[in-house]
Amino acid sequence: MNTTPFPHPSQASELQRWLIKSALWLLGTAILILAIGQYTDLDLVLADLYFDTERGVFPWDTTWFARDFMHGWVKNVIIWSGYALIGAVLLDAVRPLAWLDRIGRARLRVITLASILEPVLIKTLKSHSNLHCPWGIKRYDGNHPFLRLLDTVPDLWQAGHCFPAGHASVAMWLCALAVCWLPHAPRRASAVFAGGLSAGLFMGWVQQMRGQHFLTHTLWTAWLSSALVIALIAVFSRQLDKRSANQNSGFYKTSIVSLS
């Protein structure tokens, strides 16, 4: 009887190692972001840089670059890119695209789901958030006190619905493009992941210049987006991992031969 041994459990694939490292990175950054927002004044220090105390406004709020280009044109281009991905997935479901193999199809679905679920997640959390935008707090001529994430919410508090950062979430899902380099090039995948986050962080920074968000609002959007994308990659890990597929295929073939 011919037999083929199972792979040793300790022999984790490149994809599994990438997921483990990513999970540890999420844990560390969550602690760091929480500490920055709760125990430092960095949010206020940065917002102060863009607030004109004499006029009582955030001057960048009305500029063409921040309002029309970044919050208009760039945002729309990224949104329509997401729609194109959804169209490709629907088309593939009706008539499978010849240029997509099993792994390519899994990658397309990860990226598309990220483009859908990530903005929905952030929007849902915002709708239940008590925190206000910079322009809404008294320090910047608003009507509400500054509230941190873990602070006790005062009675009769009017919810601000400004956390996490929504505009940054438009681009954060681009970090899902990292899946195109998994599992064969994990270092490049990490670089692409960082690039996607950087695009969202830049869009979030422009909103901070406008007084629309604090730094930690954007950082938490980046964290949540990262967690979602890493979870999606984990869900599709079997389809993405060639080694797993080849081992399963080899085992089934060997079993059939042995039984015959």
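All residue numbers refer to position in the chain's written sequence, counted from 1. Under the rules for a predicted model, residues below a pLDDT of 70 receive no local features and side-chain atom pairs below 80 are neither given nor counted, while totals for whole chains, interfaces and linings still include all residues. For the side-chain quantities, the full set of heavy atoms in the structure was used; hydrogens and water were omitted.

## Some points on the overall build of the chain
Secondary structure assignment for the chain yields nine helices and zero strands. Comment: elements are numbered from the N terminus, with helices defined as DSSP H or I runs of at least four residues and strands as E runs of at least two. Each helix (α) and strand (β) of the chain, taken in turn from the N terminus, gives the series α-α-α-α-α-α-α-α-α. Throughout this description, buried means an accessible area under 20% of the type-specific maximum (1.4 Å probe, protein chains only), exposed means over 50%, and partly exposed covers the range between. Scored against the burial criterion, the 260 residues of the chain give a buried share of 43%. Accessible surface is estimated by sampling points in the Shrake-Rupley manner with a 1.4 Å probe; for residues, cover comes only from the protein chains shown. Summing over all exposed atoms, the chain offers an accessible surface of approximately 14700 Å²; the carbon and sulfur share of this is 64%.

## A few points about the packing of aromatic side chains
Pairing of aromatic side chains requires ring centres within 6.5 Å, counting the rings of Phe and Tyr and the six-membered ring of Trp. Pairs whose planes differ by under 30 degrees are stacked, by over 60 edge-to-face, and all others tilted. Going through the model one piece at a time under the given rule, you end up with 11 aromatic pairs. Taking the centre distance of 6.1 Å and the plane angle of 65 degrees together, the rings of Trp18 and Phe193 count as edge-to-face. Here Trp18, found in helix α1 (residues 14-39), pairs with Phe193, found in helix α6 (residues 186-209); they are 175 residues apart in sequence, far enough to count as distant. Among the residues examined, Trp18 registers a relative accessible area of 6% and is labelled buried. Among the aromatic residues, those joined into a cluster by ring pairs are Trp60, Trp64, Phe65 and Phe69.

## Here we look at the layout of surface pockets
The pocket and cavity definitions rest on a 1 Å grid over protein atoms only: a 1.4 Å probe that fits but cannot leave marks a cavity, an open set with protein on both sides within 12 Å along at least five of seven lines marks a pocket, and residues lining either have an atom within 4 Å of a point. Grid points are joined across faces, edges and corners, and a volume is the space filled by probe spheres set on the points. There is about 230 Å³ of room inside the largest pocket. Looking at the largest pocket, the residues that line it are Lys75, Ile78, Ile79, Gly82, Tyr83, Ile86, Ser115, Ile116, Pro119, Val120, Val170 and Trp173. Elements supplying a minimum of two residues to the lining of the largest pocket: α3 (64-94) and α4 (102-127). The biggest single contributor to the lining of the largest pocket is α3, with six residues. Residue composition of the lining of the largest pocket, grouped by class: nine nonpolar, two polar and one charged. The classification used treats Ala, Val, Leu, Ile, Met, Phe, Trp, Tyr, Cys and Pro as nonpolar, Asp, Glu, Lys and Arg as charged, and all other residues, Gly among them, as polar.

## Let's talk about the pattern of salt bridges
Salt bridge criterion: a side-chain nitrogen from Lys or Arg within 4 Å of a carboxyl oxygen from Asp or Glu. On inspection of all chains with the given rule, the structure shows seven salt bridges. Put simply, Asp52 and Arg55 hold a salt bridge, and the shortest N to O gap is 3.0 Å. You can call Arg55 exposed: its relative accessible area is 56%. Among the salt bridges present, the one from Asp61 reaches Arg210, with a minimum N-O distance of 2.9 Å. Here the residue Asp61 occupies a position in the loop between α2 (42-49) and α3, and Arg210 occupies one in the loop between α6 and α7 (215-235), the gap between them amounting to 149 residues. On the basis of relative accessible area, Arg210 is assigned to the buried category, the value being 9%.

## Some details on the confidence of the model for the chain
Looking at the chain, the pLDDT average stands at 88 and 88% of residues meet or exceed 70. A residue's pLDDT is simply how confident the predictor is in it, with values from 0 to 100. We call two residues contacting when some pair of their heavy atoms lies within 4.5 Å. Taken together, the stretch residues 245-260 has pLDDT below 50 and engages in nine contacts with residues farther than four places along the chain or on a different chain.

## So, the side chain of Asp92
Within the element layout of this structure, Asp92 appears in helix α3. For Asp92, a relative accessible area of 4% translates into the label buried. For Asp92, the side chain forms a polar contact with the main-chain nitrogen of Leu97, separated by 2.8 Å. Polar contacts, as used here, are pairs of N or O atoms within 3.5 Å; protein pairs need one atom able to donate a hydrogen and one able to accept it. Residues neighboring in sequence count only if both atoms are side-chain atoms. Polar contacts involving the side chain of Asp92 include one to the side chain of Arg105, which spans 2.6 Å.

## A word on the packing of α6 against α7
Every axis corresponds to a line fitted to the C-alpha atoms, with the helix fit spanning only the stretch in contact, and the corresponding angles, defined between N-to-C directions, vary from 0 to 180 degrees. With their axes 9 Å apart at the nearest point, α6 and α7 run at an angle of 155 degrees to one another. As the angle between them shows, α6 and α7 are arranged roughly antiparallel. Where α6 crosses over α7, the handedness of that crossing is right-handed. Contact residues: Phe193, Leu197, Gly200, Leu201, Gly204, Trp205 and Gln208 in α6; Leu215, Thr218, Leu219, Ala222, Ser226, Val229 and Ile230 in α7. Of the residues assigned to the contact of α6 with α7, the class counts are nine nonpolar, five polar and no charged. In what follows, roughly perpendicular refers to angles from 65 to 115 degrees, roughly parallel to angles under 35, roughly antiparallel to angles over 145, and oblique to any angle outside these ranges. It is the rotation of the near helix from the far one that decides the hand of a crossing: anticlockwise by less than a right angle makes it left-handed, clockwise makes it right-handed.

## Describing the environment of Gln207
Residue position: Gln207 is located in helix α6. As a C-alpha pair, Gln207 and His167 span 40 residues in sequence and 7.5 Å in three-dimensional space. Discounting chain neighbours no more than four positions away, the residues touching Gln207 are His71, His167, Gln212 and His213. Within the structure, the side chain of Gln207 is placed 3.0 Å from the side chain of Arg210, a separation counted as a polar contact.

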